[in-house]
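Here is what each chain is made of, one letter per residue.
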Amino acid sequence: MQLNGIILTLPKEIKLLIAAFVIILSIGFYTGLLFVGETSTTNPNGIEEQYLGNENDENAEVMRFKKSDKEMLTLVHNHILSMSIIFFLLGLIVSTTKLNRKLKLILMIEPFASVVLTFGGLYLLWSGILWMKYIVMISGVLMTVTYTASVVVILSQLLQKK
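Residues numbered from 1 in each chain as written. Predicted model: local features only at pLDDT ≥ 70, side-chain atom pairs only at ≥ 80, totals over all residues. Heavy atoms only, no water.

Quick look at the overall build of the chain
Inference 1: Secondary structure summary: the chain contains 5 helices and 0 strands in total.
Inference 2: Within the chain, buried positions represent 36% of all 162 residues.
Inference 3: A sequence separation of at least 24 residues applies to 73% of the contacts in the chain between residues at least 6 apart.
Inference 4: A total accessible area of about 10,000 Å² is found for the chain, and carbon and sulfur atoms account for 69% of it.
Inference 5: Seen as two clouds, the 13 positive and the 11 negative side-chain charges of the chain have centres 24 Å apart. (Helix = DSSP H or I, 4+ residues; strand = E, 2+ residues; numbered from the N terminus. Buried < 20%, exposed > 50% of the residue type's maximum accessible area, 1.4 Å probe, protein only. Contact = heavy atoms within 4.5 Å. Areas by Shrake-Rupley, 256 points an atom, 1.4 Å probe, with all protein chains shown as cover. Lys, Arg positive; Asp, Glu negative; His and termini not counted. Charge placed at Lys NZ, Arg CZ, Asp CG, Glu CD.)

Considerations on the packing of helix H2 (residues 44–52) against helix H4 (residues 101–126)
Inference 1: Direction vectors running N to C along H2 and H4 enclose 70°, while the axes themselves pass 9 Å from each other. When the axes of H2 and H4 are compared, the pair comes out roughly perpendicular. Note on packing geometry: the crossing formed by H2 with H4 is right-handed. On H4, the residues touching Ile47, Glu48, Tyr51 and Leu52 of H2 are Leu122, Leu125 and Trp126.
Inference 2: For the contact of H2 with H4, the residue count by class is 6 nonpolar, no polar and 1 charged. (Axes fitted to C-alpha atoms, helices over the stretch in contact; angles between N-to-C directions. Parallel < 35°, antiparallel > 145°, perpendicular 65-115°, else oblique. Left-handed = near helix turned anticlockwise from the far one by under 90°. Nonpolar A, V, L, I, M, F, W, Y, C, P; charged D, E, K, R; others polar.)

What to know about a nonpolar patch on the surface
Inference 1: On the surface, Leu73, Tyr123, Leu124, Ile129, Trp131, Tyr134 and Ile138 cluster together into a nonpolar patch covering about 700 Å² of accessible area.
Inference 2: Going through the elements one at a time, H4 and helix H5 (132–159) are the ones with two or more residues in the nonpolar patch.
Inference 3: The class of Trp131 is exposed, set by a relative accessible area of 55%. (Patch = residues over 30% accessible without salt bridge, like charges linked within 9 Å, V, L, I, M, F, W, Y side chains within 5 Å. Salt bridge = Lys/Arg side-chain N within 4 Å of Asp/Glu carboxyl O.)

So, H2
Inference 1: Regarding H2, the residues found buried are Pro44, Gly46, Ile47, Gln50, Tyr51 and Leu52.
Inference 2: Elements in contact with the buried residues of H2: helix H3 (69–95), H4 and H5.
Inference 3: Here H2 starts with a cap whose side-chain oxygen sits 3.1 Å from the backbone nitrogen of Asn45, and that cap is Asn43.
Inference 4: Positive backbone phi, approximately 85°, marks Gly53, located one or two places after H2. (Polar contact = N/O pair within 3.5 Å; in protein donor to acceptor, adjacent residues only side chain to side chain.)

This is the structure we're talking about:
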């Protein structure tokens, strides 16, 4: 079965359904990024402080404590499960776009690597491997870039006529 470019031939109702899904999904995704920005985790030291706490810093504006085992397992579990579903569904839609095969594969598979590196990295950071904060930051940025590129490709092709 040939999927490349099938999105261009879908009925208007299905295109509207996909567009609505991708737009609402994006609102949720980018709201999550706003939360990351609000918790000061947009830089390596902020990431470390968010999960390991800052109770030794007397000059800290906001006191943070190291996350508990339960908090970390809940965070990692919830994010890996939910984001794998998000990227699976987005990947299915990307598979129907008319795009270079290699680029399409990158957009479909890379987010799964980023999810493991980002949230597995947070767990390893919390466990004491401090250099993981850089991996978490890079993989988080890469995940966001890939997500954004996928959404742009999907929405632009949904707007194209047959």
